[in-house]
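# Observations on chain architecture
For reference, the chains in residue letters:
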Amino acid sequence: MYDAVIIGAGMSGLAAGIRLAHFDKKVCILEKHTTIGGLNSFYRVNGRNYDVGLHAVTNYLSDRATKRGPMVRLLRQLRIKWEELSLAPQVGSTIAFPNVRLDFTNDFELFEQQVAQEFPAQIDNLRRLVADLIDYDDLGQVGIETSAREVVGRYIDDPLLVEMIFCPLLYYGGARERDMEWGQFSVMFRSIFLEGFSRPFKGVRLILKNLVRKFKSLGGELRLRAGVDRIVAQGDHVDRLVLEDGSEIEGRRVLSSAGWRETMRLCEGPLPEDVPSGQLSFIETISVLDTDPKNLGHDRTIVFFNDSDQFCYEKPDGLVDLRSGVICSPNNFAYDEPMGDGMIRITALANYDRWARLDSEAYRLEKLRWYDRSVAAAVEFMPDFRSRVVDVDMFTPITIHRFTGHDNGAVYGAPDKRYDGRTHLNNLYVCGTDQGMVGIIGSIISGITVANAYCLRE
Amino acid sequence: MTGAEIKEAVIEILSDIAPDEDCSNLKEDVAFRDQLELDSMDFLDIVMELRKRYRVQIPEEDYPALASMASTVTYLEPLMKDIEK
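Residues numbered from 1 in each chain as written. Chains lettered and ligands numbered in written order. Predicted model: local features only at pLDDT ≥ 70, side-chain atom pairs only at ≥ 80, totals over all residues.

## Considering helix H7 (residues 182-195) of chain A
All names here are of chain A. Which entries qualify depends on this criterion: Labels follow the DSSP assignment, with helices taken as runs of H or I lasting at least four residues and strands as runs of E lasting at least two, numbered in each case from the N terminus. Here the expected length of a helix is defined as 1.5 Å per residue gap, with one fewer gap than residues. A residue's bend is simply the angle between two axes: one fitted to the seven residues ending at it, one to the seven starting at it. Once C-beta atoms are placed from the backbone, each residue is buried if 20 or more other C-beta atoms lie within 10 Å of its own, exposed if 12 or fewer, and partly exposed for counts between those two.
For H7, with 14 residues, the first-to-last C-alpha span of 18 Å sits near the 20 Å given by 1.5 Å per residue. Of all the bends in H7, the greatest, near 25°, is centred on phenylalanine 189. Among the 14 residues that make up H7, twelve are buried, leaving the element largely enclosed by the rest of the structure. Along H7, the residues that are buried comprise Gly183, Gln184, Phe185, Ser186, Val187, Met188, Phe189, Arg190, Ser191, Ile192, Phe193 and Glu195. The first or second residue beyond H7 is glycine 196, which carries a positive phi of 105°.

Below you can see the structure in the form of structure tokens.
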């Protein structure tokens, strides 16, 4: 009998596991796949390392004297040193619309200058907005639903600037179409614009490996290839888990990072009212170059592009929507040494159902076609790198579904979050993307919060 | 443990929870909250670490006693007097 069994060895499950193991709980993490990470993972093909999911770690601490905010909370709660994350800050990113570009770095003043220059009538409005969202308490989630577009519209009355601000936030955390909840907006605005982007030289694998090492050193147990087949309840209580191989495991408490609906489907017996699944998924193409992107004149860390004045963050009708997208160049962080291979990753909105309907031959052909088309869309906003490509890879909503188990390959999970983490069973809780915050830092905070709230106070 | 040893133990816990803070010169009678940047999660950790390290159980209604170093030591002294350092 374990004190806690955790479903999923992604960021949130590992973080919850570390908290519980640190306080001497007997913990087991069950991971369905042969590898850890879930949405944020990594693999090696043709001798090259690839990252999946992560473009950048948010919430960079430019000022080491900072003692507040999600990054500090995470380091303290997991007893991790800032240096262990080896984060290198971004060089600089850009929001690129047809007639206007806004650059930003991890120094918010640059963004303010850019807004003052391109939208002189809006700079004071932006400052008022920032002053009000800076104190939003992300621990005090009470589930009040306020539209971020409505609130932001009260401060900023130039629709183009509103679209440009929403573009990075929706791409990096929008679980709903077009809009997000105001609290989520505040948290994300701070994490992206005020604190900023960074990345470990060795990529997401470094963070995941650190978390696993920490978890195991505290006595935690991690089982790979251990998918859960069903959660067996007795009355209003989880009795045991049955794994896909037929074996059984018991835990006083069960934390699931599988997603809300995905967890409910594992349960037997009467279930709570069904809720909608997330619909927003992506494709991502990865191009390996024989040169550093800087040699081609591309020094941007991330470019959020959109080809008109209106940004449509919606599930596309077709396989992919290339009116907008995100270009990430992992080379363009301020590392101590150059990265070697050049990498360009391009992300765009995609429709899970359309991809799921393709037979395997059509799927292969559509991947090739959309690789070409997404690169063609991106080079409208950056130097053409096509003659320097030496290797390519690509994932689709189908890939995301396979590795995360999220319905529809919904990267940011369900549109409605379950901030309190509780379920209809009194010892089953959800953590991760469907509990609250998204992104690497958000997921880690989610695992910590749920573990603290339900598994440590007794 | 004596009062002085308990104080040392609390400083050690605080330094582990908030390694970015200087906990060596805390004022005895001023609330931790007014000298250190601690949130509710950090406070929970003080309680948790005391339990983990010294098997001291502190019920939730007694948490206010952990406001400052002086009040914490006063509160913990009877609970920890039999613990060998």
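## Regarding the sheet that holds strand S14 (residues 281-289) of chain A
Residues and elements named next belong to chain A. Stated formally: Here, strands pair whenever DSSP counts at least two bridges between them. Every angle, taken between N-to-C directions, lies between 0 and 180 degrees, and every axis is a line fitted to C-alpha atoms, over only the stretch in contact when it is a helix.
Spatial ordering of the open sheet is given by S7-S6-S15-S16-S17-S14-S18, a layout of seven strands whose pairing is mixed. The two strands at the open ends of the sheet, each matched to only one other strand, are strand S7 (100-104) and strand S18 (389-395). Pairwise comparison of adjacent strand axes, ignoring direction, gives a mean angle of 20° for this sheet. Summarising the sheet, strand S15 (residues 302-306) and strand S16 (residues 320-328) pair through five bridges and their orientation is antiparallel. For asparagine 306, the partnering residue across the bridge sits in S16 and is serine 324.

## Thoughts on the environment of alanine 131 of chain A
In this structure, alanine 131 of chain A sits in helix H4 (residues 123-133). In this structure the C-alpha to C-alpha distance between alanine 131 of chain A and arginine 205 of chain A, which are 74 residues apart in sequence, comes to 36 Å.

## Quick look at the interface of chain B and chain A
Convention followed: Placing a C-beta atom from the backbone of each residue, one calls two residues in contact when those atoms lie within 7 Å.
On the chain A side, the residues contacting the 13 residues of chain B number twelve residues. Of all the elements in the fold, those that place two or more residues in the side of chain B that touches chain A are helix H1 (3-17) and helix H3 (40-54) of chain B. Among the elements that take part in the side of chain B that touches chain A, H3 of chain B stands out by supplying six residues, more than any other.

## A few points about the pairing of strand S13 (residues 251-256) of chain A
Residue and element names in this part refer to chain A. Counting buried positions over the six residues of S13 gives five, a clear majority of the element. Strand direction decides the pairing type here: strand S1 (residues 2-7) and S13, joined by five bridges, are parallel. Residue valine 5 lies in a different strand from S13, and its bridge partner there is valine 254. Across three bridges, S13 lies against strand S19 (residues 428-430) in parallel orientation. Each bridged residue has a counterpart across the sheet, and for serine 256 the counterpart in S19 is valine 430.

## Considering the domain arrangement of chain A
Quite often, the size of an interface is put as the accessible area lost when its parts meet. All names here are of chain A. Our working rule: Boundaries of every domain are those given by an automatic assignment or by a domain database. The classification used treats Ala, Val, Leu, Ile, Met, Phe, Trp, Tyr, Cys and Pro as nonpolar, Asp, Glu, Lys and Arg as charged, and all other residues, Gly among them, as polar.
Assigned domains of chain A: these are domain 1 (2-58 + 203-275 + 416-455) and domain 2 (89-199 + 278-403). Relative placement of domain 1 and domain 2: their C-alpha centres are 27 Å apart. Facing the 19 residues of domain 1 at the interface are 24 residues of domain 2. When residues of the side of domain 1 that touches domain 2 are traced back to their parent elements, those giving at least two are strand S3 (41-45), strand S4 (48-52) and helix H13 (439-455). Take the side of domain 1 that touches domain 2: its biggest share by element is three residues, from S4. A breakdown of the residues in the side of domain 1 that touches domain 2 according to their chemical character gives nine nonpolar, nine polar and one charged.

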